[in-house]
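Letter by letter, the chains look like this.
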Amino acid sequence: MTNKNDKTEQLQPTEPAPRIQRRRFLERLSVALGVVAGAVLAVPGFGFIFSPLWRKTPRVWRYIGRLEEFKVGQTVNVAFLDSSPLPWAGVTARTAAWLRRESEDKFIAFAVNCSHLGCPVRWLPKANLFMCPCHGGVYYSDGRVAAGPPPRPLTRFSVRVRNGGVEIETGPIPIT
Ligand code: FES
């Protein structure tokens, strides 16, 4: 004959309480160790990917050619290395500018990137204007906005002549 106490004993857990607690503790410990290991692996990865966002771009003078290569009154496209090329940048490390020799010793240089969304602008000598092919932005010859969506004039680079060579000062280009 069975009594009420027998039924109660059948509903009791088969494992003793200390064993269950130990299992829970080990589960939580393994989850915590997994989180720590994930963080240890992820932090350097994020740092590697996002560090260029925080890195300050230096300003660097780049040689772009001999003084006699540039004719007074002409606006020409010159290419040079970015001021702080990333190791994996490849050909994108090269940038360009529109350079105009205004007089014997005076130059003016504009970034090729439109101040709207960065498309390369073209110099149209007959119209005396810079034109952006992307959204119809137009700039006067001095870089001021003439029409279209660009919010700012073309970025200017400093130019200097040293030992018969023309140098351009590269740096970060502000884009909207
Ligand atoms: S990128 Fe030049 S007008 Fe939009």
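Notes on the structure follow. As the structure is a computational prediction, the values presented were derived from the model and not from experiment.

Here we come to the overall build of the protein. Of regular secondary structure, the protein possesses 2 helices and 11 strands. Here the protein holds 176 residues, and 17% of them are scored as buried. Pairs at least 24 apart in sequence give 48% of the contacts found in the protein among residues at least 6 apart.

The next thing to look at is the nonpolar core. Within the largest apolar cluster, 21 residues are counted, with the highest numbers of intra-cluster contacts made by Ala97, Leu99, Ala109, Val121, Val159 and Ile168. Listing elements by their share of this core, those giving two or more residues are β2 (75–81), β3 (94–101), β4 (107–111) and β11 (165–170). With 4 residues, β4 is the single largest residue contributor to this core. The residues touching Ala109, leaving out its near neighbours within four places in the chain, are Ala97, Trp98, Leu99, Arg156, Phe157, Val159 and Ile168.

Moving on: the environment of Gly171. Among the secondary structure elements, Gly171 is positioned in the segment after β11. Separated by 89 residues in sequence, Gly171 and Asp82 place their C-alpha atoms 7.6 Å apart.

With that out of the way, let us pick up the pairing of β3. Sheet topology places β2 next to β3; 7 bridges connect them, and they run antiparallel. Looking at β3, one finds that Ala79 is bridged to Ala96. Sheet topology places β3 next to β4; 5 bridges connect them, and they run antiparallel. Residue pairing in the sheet places Arg101 in a bridge with Phe107 of β4.

Glancing now at the sheet that holds strand β10 (residues 159–162). The strand order across the open sheet built from 3 strands is β1-β11-β10, with neighbouring strands paired in antiparallel fashion. The open sheet is flanked by β1 (60–66) and β10, the only strands paired with a single partner. Each adjacent strand pair in this sheet contributes to an overall mean axis angle of 35°, direction not counted. Where β10 and β11 come together, 4 bridges link them in antiparallel fashion.

About the thresholds
Residues numbered from 1 in each chain as written. Predicted model: local features only at pLDDT ≥ 70, side-chain atom pairs only at ≥ 80, totals over all residues. Helix = DSSP H or I, 4+ residues; strand = E, 2+ residues; numbered from the N terminus. Buried ≥ 20, exposed ≤ 12 C-beta atoms within 10 Å, placed from the backbone. Contact = placed C-beta atoms within 7 Å. Core = buried A, V, L, I, M, F, W, Y, C linked by C-beta atoms within 7 Å. Pairing = 2+ DSSP bridges. Axes fitted to C-alpha atoms, helices over the stretch in contact; angles between N-to-C directions.

Any functional reading would require information that these geometric values do not contain.
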